[in-house]
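# Topology and contacts: notes
Spelled out from the first residue to the last, the chains are:
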Amino acid sequence: QVQLVESGGGSVQPGGSLTLSCAASGSIVILDSMAWFRQAPGKQRELVAVITNGGSTNYADFVKGRFTILRDKFRHTVFLQMTRLKPEDTAVYYCNVEGVFGGESDPSDYWGQGTQVTVSS
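Each value, and the rule that gives it
- Residues numbered from 1 in each chain as written.
- Predicted model: local features only at pLDDT ≥ 70, side-chain atom pairs only at ≥ 80, totals over all residues.
- Heavy atoms only, no water.
- Helix = DSSP H or I, 4+ residues; strand = E, 2+ residues; numbered from the N terminus.
- Buried < 20%, exposed > 50% of the residue type's maximum accessible area, 1.4 Å probe, protein only.
- Phe/Tyr/Trp six-rings, centres within 6.5 Å; stacked < 30°, edge-to-face > 60°.
- Lys NZ or Arg CZ within 6 Å of the ring centre and 35° of its normal.
- Pairing = 2+ DSSP bridges.
- Axes fitted to C-alpha atoms, helices over the stretch in contact; angles between N-to-C directions.
- Contact = heavy atoms within 4.5 Å.
- Salt bridge = Lys/Arg side-chain N within 4 Å of Asp/Glu carboxyl O.

### Notes on unusual backbone geometry
Positive phi values are uncommon outside glycine, yet His76 reaches one of about 55°. Tracing the backbone through its elements, the reader meets His76 in the loop between strand E7 (67–72) and strand E8 (77–82). On the basis of relative accessible area, His76 is assigned to the partly exposed category, the value being 27%. In the Ramachandran plot, Arg84 falls in the positive-phi region, its phi being about 50° despite a non-glycine side chain. In this fold, Arg84 is placed in the loop between E8 and strand E9 (91–101). The exposure class assigned to Arg84 is exposed, which follows from its relative accessible area of 60%.

### Description of the packing of aromatic side chains
We describe a pair of aromatic rings using the distance from one ring centre to the other and the angle between the two ring planes. By the definition in use, this model includes 3 aromatic pairs. For the ring pair Phe101 and Tyr110, a centre distance of 4.9 Å and an interplane angle of 85° mean the geometry is edge-to-face. For Tyr110, a relative accessible area of 18% corresponds to the buried category. Through pairs of rings, three or more aromatic residues link up here, namely Phe37, Tyr94 and Trp111. Geometry around Tyr94 places Arg45 over its ring, the cationic atom sitting 3.7 Å from the centre. Cation over ring: Arg45 sits above Trp111, and NZ or CZ is 4.8 Å from the ring centre.

### Description of the sheet that holds strand E1 (residues 2–7)
Note: strands within a sheet are paired through backbone hydrogen bonds, in either parallel or antiparallel orientation. Ordered in space as E1-E3-E8-E7, the 4 strands form an open sheet in which the pairing is antiparallel. Only two strands of the sheet have a single neighbouring strand rather than two, namely E1 and E7. Going across the sheet, the axis of each strand differs from the next one's by a mean of 15°, ignoring polarity. Two elements, strand E3 (residues 18–26) and E8, share 6 bridges in a ladder whose sense is antiparallel.

### Things to note about the side chain of Ser33
Within the element layout of this structure, Ser33 appears in strand E4 (residues 28–39). The exposure class of Ser33 is buried, given its relative accessible area of 11%. Once residues lying within four places of it in the same chain are set aside, the contact partners of Ser33 are Val50, Ile51, Thr52, Asn96, Val97 and Glu98.

### Side note on the pattern of salt bridges
Counted according to the given criterion, the structure contains 5 salt bridges. The shortest N-O distance in the salt bridge between Lys64 and Asp61 comes to 3.2 Å. Residue Asp61 is classed as exposed on the basis of its relative accessible area of 64%. Put simply, Arg75 and Asp72 hold a salt bridge, and the shortest N to O gap is 3.8 Å.

Encoded structure:
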């Protein structure tokens, strides 16, 4: 069983910064990727950034140059460093982890509980 605990959300002014954390714990065998998604009110959930087990990263166009995804591989923790935040970044941010986990024979994914990020003046 795997648990994902997110933290770091909050309210900031435009141009400000926040760093989100997502710590995975439990029976983790292999982590293939860790990712951040976000969902604004009335909109679909969208991919923000992904980091693979090998360390390669991919970002949505709307966050390139502003957000950075990092991970502590040993501690199974993924971070999203957000800078130059804009009001349109306001959303609930969700962590997602894909891999193979103890007690399961097939690859699967788990979601964090979500953390609110609000950017306003």
